2 protein chains.
Amino acid sequence: MNKEITACVIVIGNEILSGRTQDLNVAYIGKRCDELGIRLMQTRIIPDVEATIVATINECRRMFTYIFTTGGIGPTHDDITAASVALAFAKKIERRAEAVEVMDNYYESGKLTEARLKMADVPADSILIDNPVSAAPGFQLENVFVMAGVPIIMQAMFEGIVDRLAGGKAMLMESVATNLGESALALELSRLQDAYTDVSIGSYPYFKKGKVGVNLVIRSIEQSRLTQLKKELQLMIEKLGGKIVD
Amino acid sequence: MNKEITACVIVIGNEILSGRTQDLNVAYIGKRCDELGIRLMQTRIIPDVEATIVATINECRRMFTYIFTTGGIGPTHDDITAASVALAFAKKIERRAEAVEVMDNYYESGKLTEARLKMADVPADSILIDNPVSAAPGFQLENVFVMAGVPIIMQAMFEGIVDRLAGGKAMLMESVATNLGESALALELSRLQDAYTDVSIGSYPYFKKGKVGVNLVIRSIEQSRLTQLKKELQLMIEKLGGKIVD
């Protein structure tokens, strides 16, 4: 087996920590990492504070194969991610001609203001990340990928960098839901987890529309193992007198 | 001014990192911290891996006044938070009589199985956190509050510990939305931020129902400063030829 390819998401933004904005980017990147065979190991949500951004980037970029940041690359005073990442790598910020050109093509004549041009300021030696939604690019510096916070832009940027990422075998997932509670399942689940050390078995209680039960989620890179374990889980539920729920 | 009271949320669960479950607890705790005058400084989302939980708890509990963890305290094999937190503090896990009693009252006769009793196993010297939804408690060990992952349970637990938290002046918030773009506002916003160093001004572009614009969010512990700045923001938008949007 090759060396495991890992990732960390760093969400940058006071609005996420204050609860004013619900983050949706972690879930998106998490799903895509599974598909790409990259293990998302950790996420950090940090405020728009230069020292915190610099310290977090420098800690995490040494711990994981890839770092994905979201947020803080717009034109306003609170968008300090590009400058902070430059500082973390001890790089200068430079106005990138290629970014100016892309933005010049995107905006109507005369609308490429100085405020907008700030979004063409990226760290020296960084590689741009395309923004097919609203032109202003993200950038990659070594293993750190700096993307927008607005989900539709972040997603478009992420899809644009997939070719740059070394992946592994996709993490596959199956699930079985039952009306049984976690406690009824615990002993048998533990036995199955011991028998299937190459599959991770997650047990997640749900409470919806007045009904309670459990979603069992199994994850592995081998479909055959998932298929086999899923059958065992279904048998287990029947044996315990439960029902399988859609 | 008193020493700042800070917090960190540690979300524990593979299902959040895989994107299978959308975290909602960070936003809830973030809002409540603002109201309680506690500064939520950081969030980490980590997998159900003992070594990672231990390391993260031990790093964070020294950095922040309060640590709130969510997830991993159920009865199944993947619920390893209580044991991991005990390990972080070098405490034994013990079956707490008080927790057994609460659960015994909650469940019908004969339904308090060994699997359920696992949820009465908490670190020595910890203080229980009530669970008015489904009985099985969380716990507090020094400055670390260990809560359930299911949002309705987590919220009930959080409200139960509010009395144990030293708070400060509530962080107040006002917002103004406009149809102007961030770039049109950037220069004036920067000027206002320089004039109001005691208020944080956040600028968040929105894209909804085909309309674009910006939400300006201002935060301060002084309502008078928010009221004053809000007026200035409204004047600024008018001066720039924009509209204020509801």
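Refer to the preceding data block for the structure.
Since we're looking at a predicted model, the values are computed, not measured. Residue numbers restart at each chain and count upward from 1, following the sequence in its written direction. All chains are assigned letters beginning at A, and all ligands numbers beginning at 1, according to the order in which they are written. Under the rules for a predicted model, residues below a pLDDT of 70 receive no local features and side-chain atom pairs below 80 are neither given nor counted, while totals for whole chains, interfaces and linings still include all residues. Think of the side-chain values as coming from all heavy atoms in the structure, minus any hydrogens and water.

Draft legend 1. Seen up close, the nonpolar core. The biggest cluster of nonpolar side chains holds 114 residues, and the ones touching the most others in it are F68(A), M147(A), F158(A), F68(B), M147(B) and F158(B). In what follows, a contact means two residues having at least one pair of non-hydrogen atoms within 4.5 Å. Those residues within four positions of F68(B) in sequence are excluded, and the remaining contacts are A7(B), C8(B), V9(B), I10(B), I29(B), C33(B), F145(B), M147(B), F158(B), I161(B) and L165(B). We define a nonpolar core as any set of buried Ala, Val, Leu, Ile, Met, Phe, Trp, Tyr and Cys residues linked to one another through side-chain atoms lying within 4.5 Å. Throughout this description, buried means an accessible area under 20% of the type-specific maximum (1.4 Å probe, protein chains only), exposed means over 50%, and partly exposed covers the range between.

Draft legend 2. Expanded view of the relation of the copies chain B and chain A. For the pair chain B and chain A, the superposition axis carries a translation of 0.0 Å, the fit reaches an RMSD of 0.0 Å, and the rotation angle comes to 180°. Read as a symmetry element, the transformation amounts to a two-fold axis. Every residue of chain B has its C-alpha some distance from the rotation axis, and the shortest such distance is that of R44(B), at 2.2 Å. Least-squares superposition aligns the copies on the C-alpha atoms of those residues with pLDDT at or above 70 in both.

Draft legend 3. Structural detail: the pattern of salt bridges. Salt-bridge detection follows one rule: a side-chain nitrogen of Lys or Arg within 4 Å of a carboxyl oxygen of Asp or Glu. If you walk through the whole model with that rule in mind, you get 30 salt bridges over all chains. When the shortest N-O distance is used, the salt bridge between K169(A) and E222(A) registers 3.5 Å. Of this pair, K169(A) sits in the loop between helix 7 (151-161) and strand 9 (172-178) while E222(A) sits in the loop between strand 11 (211-220) and helix 9 (223-239), and the two are 53 residues apart along the sequence. Judged by its relative accessible area of 51%, K169(A) falls in the exposed class. Look at E222(A) and you get partly exposed, because its relative accessible area is 34%. Between E159(B) and R32(B) there is a salt bridge, and its shortest N-O distance comes to 2.8 Å. Secondary structure elements follow DSSP: runs of H or I no shorter than four residues count as helices, runs of E no shorter than two count as strands, and numbering proceeds from the N terminus.

Draft legend 4. A look at helix 7 of chain A. Within helix 7 of chain A the residues assigned to the buried category are I153(A), M154(A), A156(A), M157(A), F158(A) and I161(A). Buried-residue contacts for helix 7 of chain A involve helix 2 (25-36), strand 3 (66-70), strand 6 (127-129), strand 7 (138-141) and strand 8 (144-147) of chain A together with strand 10 (200-208) of chain B.

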